[in-house]
Amino acid sequence: MAQTNPNINDNRPVIRQLDDTAINRIAAGEVVERPASAVKELVENALDAGADRVAIDIADGGKTLIRVTDNGCGIAGRDLSLALSRHATSKIDGSDLLNIHTFGFRGEALPSIGAVGRLTITSRIEGEEAASIHVAGGSMEAIKPAALRSGTVVELRDLFFATPARLKFMRTDRAEGQAITDTVKRLAMAEPAVAFTLRDVSGGGPGRAVFRVDRENGDLFDALHNRLARILGGEFAENALRIDATREGIRLYGYAALPTYSRGAAVAQYLFVNGRPVRDKMLTGALRAAYFDFLSRDRHPAAALFVECDPTLVDVNVHPAKSEVRFRDPGIARGLIVSALRHALAEAGHRASSTVATATLGAMRPEPIPSNPARVYQMDRTLPAARQVAYQAQESGFAELSRDYSGRVVEPVGDPEVHEPTEDLPLGAARGQVHENYIIAQTANGMVIVDQHAAHERLVYEKLKRQMAENGVTAQALLIPEIVELSEADCARLLAVADDLARFGLTLEPFGGGAIAVRETPAVLGEVNARAMVLDILDELADQGESQAVQARIEAILSRVACHGSVRSGRRMRAEEMNALLREMEATPHSGQCNHGRPTYVELKLSDIERLFGRS
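Residues numbered from 1 in each chain as written. Predicted model: local features only at pLDDT ≥ 70, side-chain atom pairs only at ≥ 80, totals over all residues. Heavy atoms only, no water.

Turning to the overall build of the protein, a few remarks are in order. Helix and strand counts for the protein come out as 20 helices and 24 strands. Buried residues in the protein amount to 45% of all 616 residues. Roughly 32600 Å² of accessible area belongs to the protein as shown, and the carbon and sulfur atoms make up 51% of that amount. (Helix = DSSP H or I, 4+ residues; strand = E, 2+ residues; numbered from the N terminus. Buried < 20%, exposed > 50% of the residue type's maximum accessible area, 1.4 Å probe, protein only. Areas by Shrake-Rupley, 256 points an atom, 1.4 Å probe, with all protein chains shown as cover.)

This is the structure we're talking about:
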């Protein structure tokens, strides 16, 4: 039985020109996806106008009210109607669409927003009177005189009232409000010299401040560091590494957190290109690749990174909301991010996140104080000499106890002035070992607890990686090359990275048509399923634009070798062995976390320890 084609019927379709209202509503569907999209467009207009103070008021998650007030240069009254016309803009002249220095440039946002909501713009430029214009559902009214000291006020009410179907796809007021807050925070990160205020005025009145930051002073990095501390929190700022690198006209700067300050999802990754917040797969893939060797797959790095380059080197006109970009040479940008972050992580050496110690101290909370607490006596801090006398008086008794328990006191061998490591070193001097797994070291202003197995595992792993980098990956030739049938497109994609794969011992050759011949595989992997490995590499190439499947498998083997070759839990270590481990940790990059991103040591400050015992 013949089936009818639903695309063929007797009524021939007629091509017709849509009116401006329909065109603007269609454009609004691309530019204004939700209230947060409207806030983004309006705040970016304020920043393009040179404002250093931006205030945003919202009601009901931005559905019933969005008001953006700025102190920028303003719009002349005679230009207000033109500003609401499609493709009218003051930011470009149309001669060069690749040399863009502003957030906006298409001239679509205001007419699109005015087509789906009730939009009022009030503005004043220096030396002229203020003026106002109102548009509702695409219907524009006449320009009227208004009262305004300076800058611009853009008020949007009843978003999507002209397209009620869109309202059905809105989320709850709380969810839309959170999306607006996230949008404002991203813009605030990119502009430390601008003060931002976001208020929720639902229900009328002055409302409540949801987010507020004052303008930051100082140089670029001081201002950015302070702004990130206010937005992402002091813990991020305390555990973030400064990034500043340049390659072939592209500069990368910002802050990236230590691996031990990782998150369970990619919610703390903020990327900017020429000051524009973006969500770009290539950039996020480069960030993930930089931390590839330090985090397990279920952990994600935290970073705020800014890429600056000549506008002609990047195309921002590839997405309606300008949230994606395309670099002329993406390899340079990606390589810069990976190398700069890895260099910064290597320079961090053994440093671990301070949040590890905070969590440890949090677990040591004292018992709840009863309703009628007993009197607390303040203990005076004893002098070092007095403490030494007390220790010597108790030494014999404690020495008898220590023989039967796991905790052991490390006795200095010979002349302590010569043999005992100084406590001024970063990880201090070993003082004991508890449960045959944890080294207790004393520093100048606190103590360090080291997981001996995790620490030594990282040291061995770094040594194995260094040896592999120096000597290369040994390849084993297959007696009979394995032929993998692919599509011609997949074959071409795979052969494009064949040289990179060969460095890790995987040798591929074309075998005619869409077939690939696997001739060599990495010897360290032993017997492998070559077809499955090739398909995994293709999946990564399609999803991320690059593949680390082979490297991941090799380094997983090295990690297992390091685990078996490291100091085991339960082994008693001599004083010199413990101190040698501490010194090697200080000299080895990335020794602050194990192969899975967990900390290898915890540092507790003496002031925090004393606070636990009520001595503060």
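Okay, back to it.
For the rest of this paragraph, the subject is the sheet that holds strand β10 (residues 240–247). The sheet built from 5 strands is open, its strands ordered β10-β11-β14-β12-β13 with mixed pairing. Across the chains shown, the open sheet's two edge strands, defined by having one partner strand only, are β10 and β13 (276–278). For this sheet the average axis-to-axis angle between neighbouring strands, irrespective of direction, equals 20°. Of the strand pairs in this sheet, β10 and strand β11 (residues 250–257) are connected by 8 bridges, and their pairing is antiparallel. (Pairing = 2+ DSSP bridges. Axes fitted to C-alpha atoms, helices over the stretch in contact; angles between N-to-C directions.)

Once that is clear, we can look at the packing of helix α6 (residues 173–190) against helix α7 (residues 220–232). At a minimum axis distance of 9 Å, the contact between α6 and α7 shows a crossing angle of 165°. With respect to α7, the axis of α6 lies roughly antiparallel. Considering only the axes of α6 and α7, their crossing is left-handed. Contact residues: α6 offers K185, A188 and M189, while α7 offers L224, R227, L228, I231 and L232. Residues of the contact of α6 with α7, tallied by class, amount to 6 nonpolar, no polar and 2 charged. (Parallel < 35°, antiparallel > 145°, perpendicular 65-115°, else oblique. Left-handed = near helix turned anticlockwise from the far one by under 90°. Contact = heavy atoms within 4.5 Å. Nonpolar A, V, L, I, M, F, W, Y, C, P; charged D, E, K, R; others polar.)

With antiparallel pairing, 3 strands are arranged side by side in an open sheet as β21-β23-β22. Edge positions in the open sheet fall to β21 (475–485) and β22 (507–510), since each of these has one partner strand only. Taking each pair of neighbouring strands and ignoring which way they run, the sheet shows an average axis angle of 20°. Here helix α15 (residues 488–495) sits on the sheet and contacts β22 and β23 (515–522); the angle it forms with β23, its principal contact strand, is near 35°.

Our focus in this paragraph is the nonpolar core. V43, V54, I56, L119 and F196 are the most contacted members of the largest nonpolar core, which totals 59 residues. With residues up to four places along the chain from it excluded, the contact list for I56 reads V39, V43, R67, V68, V184, T197, L198 and R199. Counting 37 residues, the second-largest nonpolar core is a separate cluster that includes A256, L271, M282 and A289. (Core = buried A, V, L, I, M, F, W, Y, C linked by side-chain atoms within 4.5 Å.)

Attention now goes to the packing of helix α2 (residues 35–48) against α6. Relative orientation of the contacting elements α2 and α6 amounts to 25°, with a least axis distance of 8 Å. With respect to their mutual orientation, α2 and α6 come out roughly parallel. Crossing handedness for the pair α2 and α6: right-handed. Of the residues in α6, those touching α2 at P35, A36, V39, K40, V43 and E44 are E176, A179, I180, T183, V184 and L187. Here the contact of α2 with α6 is built from residues that sort into 8 nonpolar, 1 polar and 3 charged.

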